[in-house]
Amino acid sequence: MIRKIISAAFVIVFIAVASVNVLDAADDSHWEPLLDVVFEKNDLEMAVLVLINDNNIPVSDIIVKAREMGFGYTRIADAMVETKLSCEQVIIELLLYGFPPKAIFNSDKICGDEYGYTPDSILRLLVKKLRFVKTEDEELGKKDKNVTIKKKNLEIILAVCKSMMRDKDFTKYAVMLNLCQASASNETITEASERFDVSTAITIKACPRHAEYGHAYISHALPEQAHIVIGVDHLTIDGNAGKGVGVISPKRP
């Protein structure tokens, strides 16, 4: 610890001189000389601490440099948590940059005793933080200006879902249940269901409200598990359609 404090003091003094020349000579996007100096004089953890806490270097630039130097994803994640950034910020920043979710799941700092995150709580965090509220323009049928960001956010959420099932043995039902409990949009639930080949029965069992929009199911076409979970009206073209005749319900499967 003493060595790190001394090292940090040296680097900060050095940066006070070096960064003036570096930043005066280049615009704000050219951090490479400063990154080189700090990483040369320090281990990963101290370099990340100095660059973020004392110089506000963009996380993306630090990640690129750390990866170039051969540091693993999980160690980078652990180092980021020790900075002034909140744990939530670190999780979101790393996933937005393209970190494999497994690397975050395996972080002792993020998923250990200190913060106690789990794959499912990380998923719920993402659904909450990356959610977009519909704009007035969208309601009026105009072009959604956030469509690119929405697609990227959706892919991040789906990547976490995939890693939960592939790397941490979560079932399809558990993933869909967490999406529903986090109030994921119907679009997200639909995309997850289709992308991971989740059956209609599992999707509706995990999230009954999903049956309330955009889909009409004929009762005899649904698997028995779904019959038990929801009431399904007998949809036909006869006069009894929609009147509760032939309804299958949890009380009378």
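For the structure itself, consult the block above.
Because the structure is a prediction, the values reported are computed rather than measured.

## Looking at the pattern of salt bridges
If you walk through the whole model with that rule in mind, you get 9 salt bridges. Of the charged contacts in the structure, one is a salt bridge between Glu82 and Lys109, with a shortest N-O distance of 3.2 Å. Separated by 27 residues along the polypeptide, Glu82 in the loop between helix H5 (73-81) and helix H6 (87-97) and Lys109 in helix H8 (residues 108-111) bring together distant segments of the chain. Across the pair Glu155 and Arg195 runs a salt bridge, and its minimum N-O distance is 2.9 Å. Within this pair, whereas Glu155 is found in helix H11 (residues 147-167), its partner Arg195 is found in helix H13 (residues 186-195), the two being separated by 40 residues in sequence. One network of salt bridges, with partners in common, ties together Glu32, Asp36 and Lys65.

## Observations regarding the side chain of Thr188
Within the element layout of this structure, Thr188 appears in helix H13. Given a relative accessible area of 10%, Thr188 falls into the buried group. There is a polar contact of 2.9 Å between the side chain of Thr188 and the side chain of Ser185. Excluding residues within four positions of it along the chain, Thr188 makes contact with Leu154, Ile157 and Leu179.

## Considerations on H11
Side chains that are three or four residues apart share a direction in an α-helix, a result of its 3.6 residues per turn. Helix length check: H11 (21 residues) gives 30 Å between terminal C-alpha atoms against 30 Å at 1.5 Å per residue, within 8%. Turning to H11, the residues buried within the fold contact H6, helix H7 (101-105), helix H9 (119-129), helix H12 (172-181) and H13. Count one or two residues on from H11 and you reach Asp169, which has phi positive near 60°.

## Section: the environment of Leu125
Along the chain, Leu125 turns up in helix H9. Overall, the relative accessible area of 7% leaves Leu125 in the buried class. Sequence-wise, Leu125 and Ile92 are 33 residues apart; in three dimensions their C-alpha atoms are separated by 8.8 Å. If near-sequence neighbours (up to four positions away) are discounted, Leu125 is found in contact with Glu88, Ile91 and Tyr117.

## Here we look at the environment of Ala201
As for its position among the elements, Ala201 is in helix H14 (residues 200-206). Ala201 sits in the buried class, given a relative accessible area of 2%. Remark: the alpha-carbon pair of Ala201 and Tyr173, spanning 28 residues in sequence, is separated by 9.7 Å.

The rules behind each value
- Residues numbered from 1 in each chain as written.
- Predicted model: local features only at pLDDT ≥ 70, side-chain atom pairs only at ≥ 80, totals over all residues.
- Heavy atoms only, no water.
- Salt bridge = Lys/Arg side-chain N within 4 Å of Asp/Glu carboxyl O.
- Helix = DSSP H or I, 4+ residues; strand = E, 2+ residues; numbered from the N terminus.
- Buried < 20%, exposed > 50% of the residue type's maximum accessible area, 1.4 Å probe, protein only.
- Polar contact = N/O pair within 3.5 Å; in protein donor to acceptor, adjacent residues only side chain to side chain.
- Contact = heavy atoms within 4.5 Å.
- Expected span 1.5 Å × (residues − 1).

So yeah, pure geometry; function would need other evidence.
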